[in-house]
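What follows is the residue order along each chain.
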Amino acid sequence: MTFSLFFQSLINGLNQGAIYALIALGYTMVYGIIRMINFAHGDFIMIGAYTLFYTIPMMIHAGMPAWISVFLAVVICAAVGVLVEVIAYKPVRRAGSMSALITALAMSLFLENLAMVLFGAKPHNVQKIFDLPSVNVLGVALPLNVILTIGIGVVMMAGLQIFIKSTKIGKAMRAVPQDRDASILAGINVNKVITMTFAIGSALAAVAALMYCAKYPRVTNDMGSMMGLKAFIAAVLGGIGVIPGAMLGGILVGLIEIYVKLFAPGWYEAITYAILIMILLVKPSGILGKNVGEKV
Amino acid sequence: MEKRFKVSYFLNFLGVLAVFFLFVLLFENNAFGRSTQYIKGISTTACYTIIMVASLNLVVGCMGEFSLGHAGFVSVGAYASAIVSNGLTGKGLPDIALFLVALLAGGIAAGLTGVLVGIPALRLRGDYLAIVTIAFAEIIRVLFCNLSITGGGKTMSGIIKLSNFYWSFWIMVVCITVMYMYVRSRFGRTVKAIREDYIAASASGINVTYYKVLTFTVAAFFAGIGGGVYAHYMTAMIPTNFNFMYSAELLSEVIIGGIGSITGSIIGAAFLSSLPEMMRQFSQYRMLAYSVVLVLVMIFKPGGIFGAWEFSLIRVCERLTGRKGGWEKNRKKTEGGV
């Protein structure tokens, strides 16, 4: 492998990994707080991408800069996330983990098929938001939007980390998974915190949609399910419920995927899943997770 | 064999026979006019869907674990049986023998895959097991997309059409009966004990892993048989048919029918697989409707429409004759109605 190919793949892997990391953050936050795999999370990306698809031409038509539609996508995704939580997840929260899992799966199917009915099953092409040239770094032509995407990812993750560590609601988000009853006693409105978690997770999914569309400008109704699954793998790999773990896992899965694709294009998905299985069997708590023993 | 068992088996056999002859009567007299062939096809679809859904119910209902990769086992069965039947055609075997051998091969291949997947996967429970089953199903799909024997990602066509409704019906009856007997047997009761409290079960000397893997294997075996019937009905297939969506579809049929109720699986699968065929123009709304029903079922009746309730012909007879006997307790699964 030449150095330029290696470097190119490294940048591609980081780009892919940043997307996975942002999605994985949404999974890990929700899982940390209510112990539920939010299968519908992948479909929030799809909603974000469709919002971009419809609003970018509108913005350009109205003479406004195209990046305003990103904010629209964030707002719409957050709204959908909160709606899904309030309408479907809240009523089954007490019914046990199996019901929650089934409901999440059903919501994912619902969003995917609703999108198919509304927008059709054909892929749509999203207009470019950033029209940036390439730069030459170490003899490799790097499109600037890839760099920008990685940059946005890093900024989002850092911002989230600051938000979680220092704001009041962020602290509440960390407190609820640790001890739900104690946090109620401390005056935390658990339902509000959960809704807030969904809003933030879905907003991150909208940003992930932006990054995805900058790289692959195609929107389909089922784009979210497999990407969501891989992001979930990333979250598990890093240690589910641990926010830095999601970032680490996302970047790792992205890099692994891109490098495996170089050598065995048909097999890269299988390799990603095989890694997940290995991780779950050897260290189910993930790379950064703590091992929690089971009480009898 | 006790008398009440004999009576029960006899009654149920009569019931299945009555349903079968009802279908024969309807189809042979062209009761639906020109669309008879079409309805026969839909009924065959319903037959193999029932086998797949009931086998998934063994894992979801009986074992209480969540498998989201059942389509993987179905595809193993489908491809294995198609390869076997392609290899054996023209060797002078009668069609029915060829079909049965192919199905058995499909079932055994899927069962072996079930052992291979089950031993590592069943160390996990709940959410993680669900994710691992998806992962295994996807690996199987990628494998079939890359192997030349399964068409290498292209459509595998030219499988001989061996599934007709009458054979599929009896295969389904046999499969359902065996699965029902498994649930009712010592093994089934053990697995249910593990479902209720695996720590207590293992403290009582039950080998938890063994029984879980066994149930998983049985479920995979029957999924493979269902896949075999599918392959010989469709005559062409592509690995992407057996994606995550297909697993999700099977799972929603199990849950809407009733978690742990084989009656629910039969009625749910038959109804849900034939309904969209009858209303083709609404077919794109099918999964939308499934998902809405699924959410509503979870909110209002978390056990599924039939819950754990089973239909019993003996109970119906008792109700009709007004007799209350001791047969209630050991009633046996009945109907294979489509």
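Caption draft 1: Molecular detail of the environment of Val101(B). Within the secondary structure layout, Val101(B) lies in helix 4 (residues 95–121). For Val101(B), a count of 15 C-beta atoms within 10 Å gives the class partly exposed.

Caption draft 2: Spotlight on the packing of helix 2 (residues 36–62) of chain B against helix 9 (residues 208–234) of chain B. Residues and elements named next belong to chain B. The interhelical angle for the contact between helix 2 and helix 9, taken along N-to-C directions, is 165°, at an axis separation of 9 Å. The angle between helix 2 and helix 9 falls in the class roughly antiparallel. Of the two elements, helix 2 crosses helix 9, and the hand of that crossing is left-handed. Between helix 2 and helix 9, the residues in contact are Thr 44, Cys 47, Tyr 48, Ile 51, Met 52, Ser 55, Leu 56, Leu 58, Val 59 and Cys 62 and Thr 215, Phe 216, Val 218, Ala 219, Phe 222, Ala 223, Ile 225, Gly 226, Val 229, Tyr 230 and Tyr 233, respectively. Residues of the contact of helix 2 with helix 9, tallied by class, amount to 17 nonpolar, four polar and no charged.

Caption draft 3: Inspection of the interface of chain B and chain A at higher detail. Across the contact, 34 residues belong to chain B and 35 residues belong to chain A. Every element with two or more residues in the side of chain B that touches chain A is listed here: helix 5 (126–146), helix 10 (244–257) and helix 12 (286–300) of chain B. The element that contributes the greatest number of residues to the side of chain B that touches chain A is helix 5 of chain B, accounting for 14 residues. Of the residues that constitute the side of chain B that touches chain A, the class distribution is 27 nonpolar, four polar and three charged.

Caption draft 4: Examining helix 7 (residues 186–196) of chain B more closely. All names here are of chain B. Those residues of helix 7 lying buried are Gly 188, Thr 190, Val 191 and Ile 194. Buried residues of helix 7 fall within an arc of 160° about the axis and therefore sit on the same side. Projecting away from the buried face of helix 7 at angles above 90 degrees are the exposed residues Arg 186, Arg 189 and Glu 196. At its buried positions, helix 7 is contacted by helix 2, helix 6 (165–184), helix 8 (198–203) and helix 9.

Caption draft 5: A look at the confidence of the model for chain A. Looking at chain A, pLDDT values average 86 and 97% of them are 70 or higher. Mean pLDDT values for the elements of chain A range from 73 in strand 2 (residues 134–137) of chain A up to 91 in helix 3 (residues 68–92) of chain A.

Parameters at a glance
- The numbers attached to residues start from 1 for each chain and follow its sequence in the written order.
- Naming scheme: in the order in which they are written, chains are lettered from A and ligands are numbered from 1.
- A pLDDT threshold of at least 70 governs which residues receive local features in this predicted model, and a stricter bar of 80 or more applies before side-chain atom pairs are shown or counted, although totals over entire chains, interfaces and linings include all residues.
- Secondary structure elements are taken from DSSP: a helix is a run of H or I of four residues or more, a strand is a run of E of two residues or more, and numbering for both begins at the N terminus.
- Burial is judged by counting other C-beta atoms within 10 Å of a residue's own C-beta: 20 or more means buried, 12 or fewer means exposed, and anything between counts as partly exposed, with every C-beta placed from the backbone.
- Orientation is described by lines fitted to C-alpha atoms, with helices fitted over the stretch in contact, and by angles between N-to-C directions that extend from 0 to 180 degrees.
- Comment on the angle field: the value is read as roughly parallel under 35 degrees, roughly antiparallel over 145, roughly perpendicular from 65 to 115, and oblique elsewhere.
- The handedness criterion is simple: a crossing whose near helix is rotated anticlockwise from the far helix by less than a right angle is left-handed, and one whose near helix is rotated clockwise is right-handed.
- Placing C-beta atoms from the backbone, we regard two residues as in contact once those atoms come within 7 Å.
- Residues are grouped as follows: Ala, Val, Leu, Ile, Met, Phe, Trp, Tyr, Cys and Pro are nonpolar; Asp, Glu, Lys and Arg are charged; all remaining types, including Gly, are polar.
- Regarding the arc, it is the one traced by the directions from the helix axis to the C-beta atoms.
- A score from 0 to 100, pLDDT tells how confident the predictor is in each residue.

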